[in-house]
Amino acid sequence: MDTTVNGAPTPTPDEPEVNAAEHLRGTLGLTGTKIACGSGVCGACTILVDGSPTASCLLPSAHLAGRSVTTVEGLGGDHPVQRAFAAHDGLQCGYCTPGFVVEASVFVDAWRTEHGDTAPDRDTIADALAGHLCRCGAYEGIFSAVAAACAGEFDTDPVEAPPRADAPAKVTGRARFTGDHAPPGTWTGVIVRSTVPHARVLKVHPAPDDGGGRAPLVDLLGEDRTVRHVGRAIAAVAAPTRAEARRLAAAVRVELEPLPSVTTVDAAREPGAPLVYPTKAERAAALGYGEAPGPRAPWKDNVRGPGVVSWRGPTAVSRLRAARLREDPLLVAEEYTTATQVHTPLEPHVSVASWEGGHLHLHVSTQALSKMVDKVTERWDLPRERVHVVTEYVGGGFGAKGALSPDTVAAVELSRLVDAPVRVSLERSEELVDAGHRPGNRTRVALLAGSEGDLRALAVDSVGDGGVSVGSNVATLAALMYGRSPRRVRDFDVVTNRPPGEPMRGPGGPPMAWALEQAVDTMALRLGEDPLSLRRRWDGNPKRRALYERVAQLPLWRDRPRGERTGRFRRGVGLAAAGWPYLLGPQARVELTVRGGELVVRSSTQDIGTGIRTVLGDVVAERLGIGADGLTVEIGHGSSVHGTGSFGSRTTTSMGPAAADAADRLRDALREHSPDVPASGPIPEHTFKEALSRVEGLSVVGERGLDRWGRLTPNMAGDLAVGRGMSGAVHVMEVEVDTLLGRVRPTRCWAGIAAGRLYNERMARNQCEGAVVQGVGYALFEERRDDPSTGVVLSNDLEEYRIPGMGDVPETEVYFHQEGFEHVPGGGIGLGEVSVVGVAAALGNAVFDATGVRHRDLPLRPDRLIGATR
Amino acid sequence: MTVTRPTSVAEVSADLARPGVRPRAGGTDLMACLETGVLTPGPLVDLLGVPGLDEVVWEADGSARVGAMTTVATLGADPTLVTAYPALAATARALATPQIRGTATLGGNLLQRNRCAYLRNPAFDCFQTGGDSCPAREGDHLRGVVVDQGPCVAPHPSTLAVALLAYEASVRLEGGPVPERAIVDLYEGTDPTREHTLGPGTLLTAVSLPVPYPGERFAHRRAAGRSRAEWPLVEVVVRLECADRGRGPVERAAVAVGAVARTPLRLPEVESALVDVAPGGNLPDRVEEALTALADRCSPLPATGYKVPLLQGTVRDAIERALEVPSR
């Protein structure tokens, strides 16, 4: 029996090992349907089967027989909900978007049939979309998009273009992500991983193939033959089908010599504990998860550190010691912990490689395309013109996709070996184990106030739990907060035989704020002072001071409940302050070329959902005074000029000014041939077209100019420099605590962000709203869980690793304070990180306000809440 | 991996009689188990489309026999089922996600594998996968049982079983020694190797529900971290048969709980305390005492002590809702 797919009959497959999602994507090429979790949790693979939304990754393809299937491609692009998602910017990276759109289309149609053109409330929408997860956290936009579509606001095309230029491609499934590029004949590569926590690998025996030979296998260990955690990539195999490749991988035999291991921080600190890195050379080569190179620090056994930052440190320490001896009531000394958070981009790490005539073609999901080109060129010793790296759409990264990771190495090596294109896409169980994480921390904070309520001393000791990797900076970041009183902060790492971390959005920031901001609120209580007023006294940062003034006027804060709360449901409001250094990429370049009479904007940067594709086009169009539809933006091709990596909140503040500079250079070049092009101001459309026609093939390259007063640091490794001034943020969170069932419901959040001028208000807001979602996840749900005795990660699917859904997030209002960065070309700096740092901390303070119980450990799980509040 | 597609229940039984053959219903758990290696690939019998398995048959006395292939979504949405068995419908609407409910079936839900992270991780052996220990008991069992029937510590995953226990439903069987078995006997807590008592080759064809009770009061409540789409830490179904079509005092109560033990459990001590309680008023002391006494039933693991107050709280919440009494 055939299956009708998007209106056309197609043969139903009879392959038991192929699920419906694989069939639609692989056989029919309908790659709008995404596979993200493989277990029916995330909804990215949602299709309509006889009109009913269905998780196609769990649907046997044979179950399609005789049924009618609609994929996102079949919606056609003009369903009201698709228009609404684009107009309300209900998306960022776009990877989950097809699934959301397919499900929402059914909901919207059914709602309107039953209720007419009215908007449903948030709870109703959250119920309908409960089977979908968006890791970027574009939920605010999705709520408003679905409500507007239900209200009948998008039955025709809106007049205005959507805020995000690639939204139409993302809501229709046309946007092709890395894994969607699989030409016919593409093989599947599967990585063979360590099943033991610590061992020396002696020999890897490939699986026998059907012909009595050896199945193709490539080594991923390199010179260091020691595996130091379960899940470490050892080798990779490939086969024409995924099922066959998985069988081959299972048949690989790894001969190894086990070594003693430690899999918990406590065990690693015991005297005589087995050493993760026994030799100095091994310690020196330990992986780092810092965003920038950290300070040097000594090692003792499994402990690295301390890395110390001190400002009148001895004074701080002696004041704190004396205060402890005299039992000073204005000494707050507490310990706080955070859990391991996993980046969990819905698009996993994925690479598709093929070799043709000595040229390497590589599609790869990366946050740092230009760096990737460098690394690939170096690793395989290729001339640049033979390396073609493409990363057109990136389905989220949050810091995890910066390195040359095993999926890429495996795809490139296997492709060369089997002489066919090879795709290596991590399963969710790999992505949640060995693709990076934000390490857990144990942080001690000591604050001492004087009799006038001034901050007399600050000390922070923090221990990072980054598995085999090091680079904790939690304490260091605390040194940047609350003025110049004496302080000493020390960072330690304890290494264990567990997977390594990677930088994650605001590395070190959320655990720092979790600890410090709880302590500051505790001090406010001791001083009998309002938490806002204490911060206004202690915090000299002008941007946050501006935000504090807003908070003071905010009804959410001003009218918050006071006094002891009773009853089952208790409401509370808390706030937290945050800051982040201003980083930039001095090498940012944007090229403008004239091709076929059209203007093309090119750069080897990549859009992970922040919207840089849109910003580049907008900046150029605005600078020239032309319409944004008069140009094409081509990013994500490694052959273009150097583009900034999406790290350290520096993409827009680096690329935006380079685009403006390119536009200025283009104008100058046009004026040489067309004197009627004005020296400044808008260029009339006909003048512009005429001018372009005279310079076919012209190319100009814009650069990121210097800030006024220059930078604080020279260009460091990795196209990174530190600029003057820090961004600031203040979050105010309202929660309702169900003391009977131990649940926290964040109800409202106000996010005040000070990062200078915005390039695109809606996309900036989306990113800050998403930061609230990720911060709520960090505060309440997210926690990698490991088996204590083996270090095996137990939370290796999206059921056990819990990220927030639509029903778990507060109604969020974002306020931007846009002053303070006038010395930066473009007037604005990045906000991706500052917007996430204080969210969990504000939530913790709100829970305290509601219940009177100070929680010190994240996440705030029901088991932790229920014992403490009733 | 071969898949057969029988066209009658008799053919299914014949297929299932062969060793190693597994039935596949909606496939939402089976496909995930095959994907993650909980199950090794083997011959399957596909139940989709087998005539009779997805029918709802209404008996002369007004009771229903619901076919095993009826989807969870249908249980929550079919108007006659919703009217007749509202507690079952409310429970069905609360589990998993809309997409899963549209595909997952009644029979599959009752006989699914548990959610233990050790069971679902190929790095571990346990009683269920041919091993001789429970790694969760010594390891991470935060979501484990609080009524320890031993030796496995994974709670039974079926949400529908909790509601069906409250209805005192039974299952219809083909290919086994008996044609019918009460829900309470479908599960057995001390056998760590399996989730139910059906022998290999036995097919669950339908669930028999009792004659509907007009105006029954009911509630389904679950405790979990996230608001939706999460396996519960505790869940409770309360069904109250009250005089005067629901307006009068409780004549008969059924309180069933899930996610606390290897099987869904009835709480007879709470049920008897509820008899004669009138809707809308405060809960009498004997109900409070019964809730407190739930702690005596519990035998927490080192990390599941929190489930004692959570069980008491969730049961209280469900009772308060079913009786529309003010929250304390």
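Residues numbered from 1 in each chain as written. Chains lettered and ligands numbered in written order. Predicted model: local features only at pLDDT ≥ 70, side-chain atom pairs only at ≥ 80, totals over all residues.

## Thoughts on the overall build of chain A
Okay, so step 1: Along its length, chain A carries 26 helices and 29 strands.
Okay, so step 2: For a compact globule of 870 residues, the expected C-alpha radius of gyration is about 29 Å, and chain A comes in at 27 Å, within 12% of that figure.
Okay, so step 3: By its C-alpha atoms, chain A is 80 × 75 × 60 Å across when sized along the principal axes.
Okay, so step 4: Residues classed as buried in chain A amount to 63% of the 870 residues present.
Okay, so step 5: The long-range fraction of contacts in chain A, counting pairs at least 24 apart against all pairs at least 6 apart in sequence, stands at 79%. (Helix = DSSP H or I, 4+ residues; strand = E, 2+ residues; numbered from the N terminus. Rg over C-alpha atoms; globule rule 2.2 N^0.38 Å. Buried ≥ 20, exposed ≤ 12 C-beta atoms within 10 Å, placed from the backbone. Contact = placed C-beta atoms within 7 Å.)

## Observations concerning the overall build of chain B
Okay, so step 1: Secondary structure summary: chain B contains 13 helices and 12 strands in total.
Okay, so step 2: Against the compact-globule benchmark of 20 Å for 328 residues, chain B has a radius of gyration of 20 Å, which places it among compact chains.
Okay, so step 3: Counting across all 328 residues of chain B, residues that qualify as buried make up 54%.
Okay, so step 4: Look at the contacts in chain B between residues 6 or more apart in sequence, and 65% of them connect residues 24 or more apart.

## With respect to the domain arrangement of chain B
All names here are of chain B.
Okay, so step 1: Domain assignment breaks chain B into domain 1 (52-145 + 156-208) and domain 2 (217-323).
Okay, so step 2: Just the C-alpha atoms count here: the centres of domain 1 and domain 2 sit 20 Å apart.
Okay, so step 3: Between domain 1 and domain 2, the residue contacts involve 27 residues of the former and 22 residues of the latter.
Okay, so step 4: Of all the secondary structure elements, the ones that give two or more residues to the side of domain 1 that touches domain 2 are α5 (86-94) and α9 (159-166).
Okay, so step 5: Split by residue class, the side of domain 1 that touches domain 2 holds 15 nonpolar, 8 polar and 4 charged. (Domains from an automatic or database assignment. Nonpolar A, V, L, I, M, F, W, Y, C, P; charged D, E, K, R; others polar.)

## What about the nonpolar core?
Okay, so step 1: If you look at the biggest cluster of nonpolar residues, it comprises 332 residues, and the most contacted ones within it are Val146, Val237, Leu447 and Val732 of chain A together with Val315 of chain B.
Okay, so step 2: Among the elements that make up this core, the one with the highest residue count is helix α23 (residues 761-780) of chain A (10 residues).
Okay, so step 3: With 34 residues, the next largest nonpolar core counts Val619, Ala663, Val677 and Phe688 of chain A among its residues. (Core = buried A, V, L, I, M, F, W, Y, C linked by C-beta atoms within 7 Å.)

## Describing helix α17 (residues 531-538) of chain A
Residue and element names in this part refer to chain A.
Okay, so step 1: For α17, the set of buried residues is Pro531, Leu532, Leu534, Arg535 and Trp538. Each buried residue of α17 sits inside an arc of 160 degrees when the element is viewed along its axis, so together they form one side.
Okay, so step 2: Structurally, α17 contributes buried residues whose contacts are with β20 (455-465), α16 (509-527), α18 (542-553), α19 (555-558), β22 (569-584) and α25 (839-851). (Arc of directions from axis to C-beta.)

## Comments concerning the interface of chain B and chain A
Okay, so step 1: Facing 40 residues of chain B, the contacting portion of chain A comprises 53 residues.
Okay, so step 2: Those elements giving two or more residues to the side of chain B that touches chain A turn out to be α2 (28-36), β3 (44-46), α6 (98-103) and α13 (307-323) of chain B.
Okay, so step 3: Here the element with the most residues in the side of chain B that touches chain A is α13 of chain B; it accounts for 6 residues.
Okay, so step 4: When grouped by side-chain class, the residues that make up the side of chain B that touches chain A number 18 nonpolar, 15 polar and 7 charged.

## With respect to the pairing of strand β9 (residues 217-223) of chain B
All names here are of chain B.
Okay, so step 1: Counting buried positions over the 7 residues of β9 gives 7, a clear majority of the element.
Okay, so step 2: Two strands pair when backbone bridges link them, and β9 and strand β10 (residues 234-242) are joined in this way by 7 bridges, in the antiparallel orientation. By the bridge assignment, Ala219 is partnered in β10 with Val238. (Pairing = 2+ DSSP bridges.)

## Things to note about the confidence of the model for chain B
Okay, so step 1: When pLDDT is averaged along chain B, the result is 96, and 100% of the positions lie at 70 or above.
Okay, so step 2: Taken over the whole predicted complex, pTM reads 0.98, whereas the ipTM for its chain interfaces reads 0.97. (pLDDT = per-residue confidence, 0-100.)

## Focus: unusual backbone geometry
Okay, so step 1: Residue Pro859 of chain A follows Leu858 of chain A across a cis peptide bond; omega there is -5 degrees.
Okay, so step 2: In this structure, Pro859 of chain A sits in the loop between α25 and α26 (862-869).
Okay, so step 3: In this chain, Gly150 of chain B is followed by Pro151 of chain B through a cis amide linkage whose omega measures -15 degrees.
Okay, so step 4: Counting through the fold element by element, Pro151 of chain B comes out in the loop between α8 (135-138) and α9.
Okay, so step 5: Positioned with a positive phi, Asp719 of chain A is a non-glycine residue whose angle comes to about 55 degrees.
Okay, so step 6: Following the sequence through the fold, Asp719 of chain A ends up in the loop between β26 (699-703) and β27 (721-738).
Okay, so step 7: Its identity as a non-glycine residue notwithstanding, Glu324 of chain B has a phi of 50 degrees, on the positive side.
Okay, so step 8: Turning to its location among the elements, Glu324 of chain B is positioned in the segment after α13.

## Concerning the sheet that holds strand β11 (residues 253-258) of chain A
Residues and elements named next belong to chain A.
Okay, so step 1: Spatial ordering of the open sheet is given by β9-β7-β11, a layout of 3 strands whose pairing is antiparallel. In the strand order of this sheet, the two ends are held by β9 (226-227) and β11, each with one partner.
Okay, so step 2: In the sheet, strand β7 (residues 199-205) pairs with β9 via 2 bridges, with the strands oriented antiparallel. Paired with Ala199 across the strands is Val227, a residue of β9.

## Here we look at the environment of Arg550 of chain A
All names here are of chain A.
Okay, so step 1: With respect to the helices and strands, the residue Arg550 is situated in helix α18.
Okay, so step 2: A sequence separation of 54 residues divides Arg550 from Thr496, and the C-alpha atoms of the two residues are 45 Å apart.
Okay, so step 3: If sequence neighbours within four positions are ignored, Arg550 has contacts with Gly752 and Tyr815.

## Some words on the domain arrangement of chain A
All names here are of chain A.
Okay, so step 1: According to the domain assignment, chain A consists of domain 1 (2-174), domain 2 (187-258), domain 3 (275-342 + 437-503), domain 4 (350-421), domain 5 (541-582 + 724-869) and domain 6 (589-703).
Okay, so step 2: Taking the mean C-alpha position of each, domain 2 and domain 3 sit 38 Å from one another.
Okay, so step 3: With 5 residues of domain 2 at the contact, the number on the domain 3 side is 6 residues.
Okay, so step 4: In terms of residue class, the side of domain 2 that touches domain 3 is made up of 1 nonpolar, 3 polar and 1 charged.

## Focus on the packing of helix α20 (residues 612-624) of chain A against helix α21 (residues 651-673) of chain A
All names here are of chain A.
Okay, so step 1: Look at α20 against α21: their axes get within 9 Å of each other, and the N-to-C directions meet at 35 degrees. Classified by chirality, the crossing of α21 by α20 is right-handed. Of the residues in α21, those touching α20 at Ile612, Val615, Leu616, Val619, Val620, Arg623 and Leu624 are Thr651, Thr652, Met655, Gly656, Ala659, Ala660, Ala662, Ala663, Asp664 and Arg667.
Okay, so step 2: Here the contact of α20 with α21 is composed, by residue class, of 11 nonpolar, 3 polar and 3 charged. (Axes fitted to C-alpha atoms, helices over the stretch in contact; angles between N-to-C directions. Left-handed = near helix turned anticlockwise from the far one by under 90°.)

## A look at the sheet that holds strand β16 (residues 359-364) of chain A
Residue and element names in this part refer to chain A.
Okay, so step 1: A sheet is described by the order of its strands in space; here 7 strands give the open sequence β8-β10-β6-β18-β15-β16-β17, paired in mixed fashion. Two strands bound the open sheet, and with one partner strand each, they are β8 (217-219) and β17 (387-390). Across the sheet, the mean angle separating the axes of adjacent strands is 20 degrees when strand polarity is ignored.
Okay, so step 2: Direction of pairing for strand β6 (residues 187-193) relative to strand β18 (residues 422-425): parallel, over a ladder of 2 bridges. Within the sheet, the bridge partner assigned to Trp187 lies in β18 and is Val422.
Okay, so step 3: Running at roughly 150 degrees to β17, helix α12 (residues 369-379) makes contact with β16 and β17 of the sheet.

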